Amino acid sequence: LNSNLFIINFKNYDEISGTKSARLAKSAAKIAKKHKLKIVVCPPQHLLAEVARSSSDVYAQHLDNSKVGSTTGYVIPEIVKKSRVAGALINHSEHRIPSNEIEDLVKRLRELQMISVVCVQDVSEAWVYAQLNPDYIAIEPPELIGSGKAVSKEKPEIITESVKAVKKANNSTQLLCGAGIVSGTDVSKALELGAKGILVASGIVKAKNWERAIEEFALAFVRK
Ligand code: G3P
């Protein structure tokens, strides 16, 4: 298996509502198998279990740091794990949480042997949160999210500097990057700059042909 990571965040785009999330996850699983690549999908909370029934690479878009038991309406690590959810994004730009909660969630996920992906907006945050030793730090300049202008082309230095910040923490954390990635060349550029993988939403979810778009991205990983 290729050691890179390709994460597709479905967000709440209308394109993935209802049964369409499972369909997109199926396309991702097919291409992942074909290219021996790890492709993770992040459907909305209420579809996690349904998608995880047929895909082993499902992460939550967000988790709450609430306890097991009487915490109505919160979505928590211990419970999603039992529906085969393997990890989670933490502190996504569109769903930021306080730093003490980030710290608790990274710890909780590690104890549960789930994968943690802490999202950050700049290099200094990358450094701060890399010290918690999450599995991944994902750097996403907020102004490029959904812009179609790739972080790897617009802000290459933010990737190289984040790679350094994460290395400085001297643990097993690895760097992903995201925001505005829409093509195979954007992916190749990110990998060349030292990212271990990517986080993408609109570039896949809004593509006319999901399979073709996922394949274009996958080939960039395979050819690197
Ligand atoms: O989680 C990934 C996301 O924030 C990037 O969004 O639409 O620019 O790929 P997009």
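Everything here concerns the structure above.
Residues numbered from 1 in each chain as written. Predicted model: local features only at pLDDT ≥ 70, side-chain atom pairs only at ≥ 80, totals over all residues. Heavy atoms only, no water.

Trainee: I would appreciate a short explanation of unusual backbone geometry in the present structure.
Mentor: In terms of backbone geometry, most residues other than glycine have negative phi values and most peptide bonds are trans. Not every positive phi belongs to a glycine, and lysine 36 is a case in point at roughly 50 degrees. Even without glycine at this site, asparagine 91 takes up a positive phi of about 65 degrees.

Trainee: Explain the nonpolar core to me, please; I cannot follow it from the model alone.
Mentor: It is characteristic of soluble globular proteins that their nonpolar side chains tend to be buried jointly. Membership of the largest hydrophobic core comes to 68 residues, with the highest contact counts inside it found for Phe6, Ile8 and Ile198. Among the elements that take part in this core, helix α10 (residues 210–223) stands out by supplying seven residues, more than any other. With sequence-adjacent residues up to four places away left out, phenylalanine 6 is seen in contact with Leu37, Lys38, Ile39, Val40, Ile198, Val200, Ile204, Ile214, Phe217, Ala218 and Phe221. Formed by twelve residues, the second largest nonpolar core is a distinct cluster that contains Leu5, Ile7, Tyr59 and Leu199. (Core = buried A, V, L, I, M, F, W, Y, C linked by side-chain atoms within 4.5 Å. Buried < 20%, exposed > 50% of the residue type's maximum accessible area, 1.4 Å probe, protein only. Helix = DSSP H or I, 4+ residues; strand = E, 2+ residues; numbered from the N terminus. Contact = heavy atoms within 4.5 Å.)

Trainee: Can you help me understand the packing of aromatic side chains in this one?
Mentor: Each aromatic ring pair is described using two quantities: the centre-to-centre distance and the angle formed by the ring planes. Under the definition given, this model contains two aromatic pairs. Judged by centre distance (5.7 Å) and plane angle (25 degrees), the rings of phenylalanine 6 and phenylalanine 217 are stacked. Placement of the pair is phenylalanine 6 in strand β1 (residues 5–9) and phenylalanine 217 in helix α10, with a sequence separation of 211 residues. Between phenylalanine 6 and phenylalanine 221, the ring centres sit 5.6 Å apart and the planes meet at 20 degrees, which makes this aromatic pair stacked. (Phe/Tyr/Trp six-rings, centres within 6.5 Å; stacked < 30°, edge-to-face > 60°.)

Trainee: Quick question: what am I supposed to make of the pattern of salt bridges here?
Mentor: Any two side chains of opposite charge can pair if their charged atoms end up close together. Here the structure, examined in full by the defined rule, presents nine salt bridges. A salt bridge links glutamate 211 to lysine 30, with the shortest nitrogen-to-oxygen separation between them at 2.9 Å. Within this pair, whereas glutamate 211 is found in helix α10, its partner lysine 30 is found in helix α1 (residues 20–35), the two being separated by 181 residues in sequence. A salt bridge links glutamate 78 to arginine 108; the shortest N-O distance between them is 2.8 Å. Taken together, the residues glutamate 78 in helix α3 (residues 77–81) and arginine 108 in helix α4 (residues 99–111) connect sequence positions 30 residues apart. Here arginine 108 falls in the buried class, since its relative accessible area comes to 14%. (Salt bridge = Lys/Arg side-chain N within 4 Å of Asp/Glu carboxyl O.)

Trainee: Please clarify how the pairing of strand β2 (residues 38–42) should be interpreted in this entry.
Mentor: For a regular strand, side-chain orientation follows a simple rule: the groups alternate between the two sheet faces. With four of its five residues buried, β2 lies for the most part within the structure. Where β1 meets β2, five bridges bridge the pair, whose relative direction is parallel. When the sheet's bridge partners are listed, asparagine 9 is paired in β2 with cysteine 42. In terms of handedness, the path from β1 via α1 over to β2 forms a crossover that is right-handed. (Pairing = 2+ DSSP bridges. Right-handed = clockwise from strand over helix to strand, strands pointing away.)

Trainee: Explain the site of the ligand to me, please; I cannot follow it from the model alone.
Mentor: Taken together, Asn9, Lys11, His92, Glu140, Ile145, Gly146, Ala179, Gly180, Leu199, Val200, Ala201 and Ser202 form the complete shell of residues around the ligand. In the model, an oxygen atom of the ligand is placed 2.8 Å from a nitrogen or oxygen of the glycine 180 main chain. Note that an oxygen atom of the ligand is positioned 2.8 Å from one of the backbone N or O atoms of alanine 201. Residues belonging to the shell around the ligand are distributed by class as follows: five nonpolar, five polar and two charged. (Near = heavy atom within 4 Å. Polar contact = N/O pair within 3.5 Å; in protein donor to acceptor, adjacent residues only side chain to side chain. Nonpolar A, V, L, I, M, F, W, Y, C, P; charged D, E, K, R; others polar.)

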